[in-house]
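Structural overview for review
If you want the building blocks of each chain, they are given just below.
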Amino acid sequence: MAIRHIVKKGDEILGKKSKKIDVINQRVIELLDDMAQTMYENNGVGLAAPQVGILRRLVVIDIGEGLIELINPEIIEFSGDAVLGEEGCLSVPGIVGKVNRPMYVKVKGLNRNGDEVEYEGSEYLARAFCHEIDHLEGILFTEKAESITYIE
Ligand code: NI
């Protein structure tokens, strides 16, 4: 495992759409391992592959309830009133913003064994799913934020 360099806002790669994973090979497994290690090392709660410079549809999330890895994740259901809440991003240091996200989402994708998996998330976990999946579309939270606060 290795800690990877995190790409920062301003790098055009963060604005690009990521490609689906067709084959889960050793490189994909290593990338998932590295992404988790990189997220934990930087005290993040989520990381998407474009943030380590790779335009592939992979995300890792851990909001303190255990590691979730998703390959080709998709939001398949969402409900509830939009909730305005604070977000930050390892690619956007020094800035937090208030973003509207659904109260609840259901997400499907593949795990590292290639099995289809589904997760449900409310509140902060729903927010994390939406934020990370947005990265795969080349969208940063700052583009959706209602307000921005500089913290450094
Ligand atoms: Ni982010």
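A few points on the structure. Every value quoted in this text rests on a predicted model; they were computed, and no experiment measured them.

**A look at the sheet that holds strand β3 (residues 68-79)**
Ordered in space as β1-β2-β3-β6-β7, the 5 strands form an open sheet in which the pairing is antiparallel. Two strands bound the open sheet, and with one partner strand each, they are β1 (46-48) and β7 (116-122). Averaged over neighbouring strand pairs, the angle between their axes works out to 35° when direction is ignored. Sheet strands touched by helix α1 (residues 26-41): β1, β2 (58-61) and β3. Its angle to β2, the strand with the most contacts, is close to 35°.

**Description of the nonpolar core**
Counting 15 residues, the largest nonpolar core has Ile-61, Ile-68, Leu-70, Val-105, Val-107 and Phe-129 as its most contacted members. Elements supplying a minimum of two residues to this core: β2, β3, β6 (104-110) and α2 (123-136).

**Brief notes about the coordination of the nickel ion**
At the metal site, the nickel ion is ligated by Cys-89 (SG), His-131 (NE2) and His-135 (NE2), and these contacts range over 2.1 to 2.2 Å. Sequence spacing of the donor residues for the nickel ion, all on one chain, is C-x41-H-x3-H. On the criterion of helical spacing, the pair formed by His-131 and His-135 is a turn pair, its members being 4 residues apart in helix α2. Given the relative accessible area of 1%, His-135 is considered buried.

**Some words on the pattern of salt bridges**
Scanning the entire structure with this criterion turns up 12 salt bridges. Close ionic contact of Glu-87 with Arg-101 constitutes a salt bridge, the shortest N to O distance being 2.8 Å. With Glu-87 in strand β4 (residues 83-87) and Arg-101 in strand β5 (residues 95-101), the pair connects residues that are 14 residues apart, well separated along the chain. On the accessibility criterion, Arg-101 (3% relative accessible area) is buried. One network of salt bridges, in which partners are shared, links Glu-87, Arg-101, Arg-127, Asp-134 and Lys-144.

**Some remarks on the sheet that holds β5**
Read from one edge to the other, the open sheet built from 3 strands follows the order β4-β5-β8, with strand pairing classed as antiparallel. Edge positions in the sheet fall to β4 and β8 (147-150), since each of these pairs with one other strand and no more. Strand-to-strand twist across the sheet, computed as the mean angle between neighbouring axes with direction ignored, equals 25°. The pairing of β5 with β8 spans 4 bridges and is classified as antiparallel.

**Re the environment of Leu-55**
Here Leu-55 is to be found in the loop between β1 and β2. Apart from the residues lying within four places of it in its own chain, the contact partners of Leu-55 are Ile-13, Lys-16, Lys-17, Ser-18, Lys-19 and Pro-50.

**A look at the side chain of His-131**
By relative accessible area, His-131 is classed as buried at 7%. Of the polar contacts made by the side chain of His-131, one reaches the side chain of His-135; its length is 3.2 Å.

**What about the pairing of β2?**
Of the two faces of β2, the one lined by Leu-58 and Val-60 and the one lined by Val-59 and Ile-61 are each fully buried. Two strands pair when backbone bridges link them, and β1 and β2 are joined in this way by 3 bridges, in the antiparallel orientation. Considered in β2, the bridge of Leu-47 is made with Val-60. In terms of strand pairing, β2 meets β3 through 4 bridges, oriented antiparallel.

Scoring rules and cut-offs
Residues numbered from 1 in each chain as written. Predicted model: local features only at pLDDT ≥ 70, side-chain atom pairs only at ≥ 80, totals over all residues. Heavy atoms only, no water. Pairing = 2+ DSSP bridges. Helix = DSSP H or I, 4+ residues; strand = E, 2+ residues; numbered from the N terminus. Axes fitted to C-alpha atoms, helices over the stretch in contact; angles between N-to-C directions. Contact = heavy atoms within 4.5 Å. Core = buried A, V, L, I, M, F, W, Y, C linked by side-chain atoms within 4.5 Å. Buried < 20%, exposed > 50% of the residue type's maximum accessible area, 1.4 Å probe, protein only. Donors = N, O, S within 2.8 Å, 3.2 Å for Na, K, Ca; no water. Salt bridge = Lys/Arg side-chain N within 4 Å of Asp/Glu carboxyl O. Polar contact = N/O pair within 3.5 Å; in protein donor to acceptor, adjacent residues only side chain to side chain.

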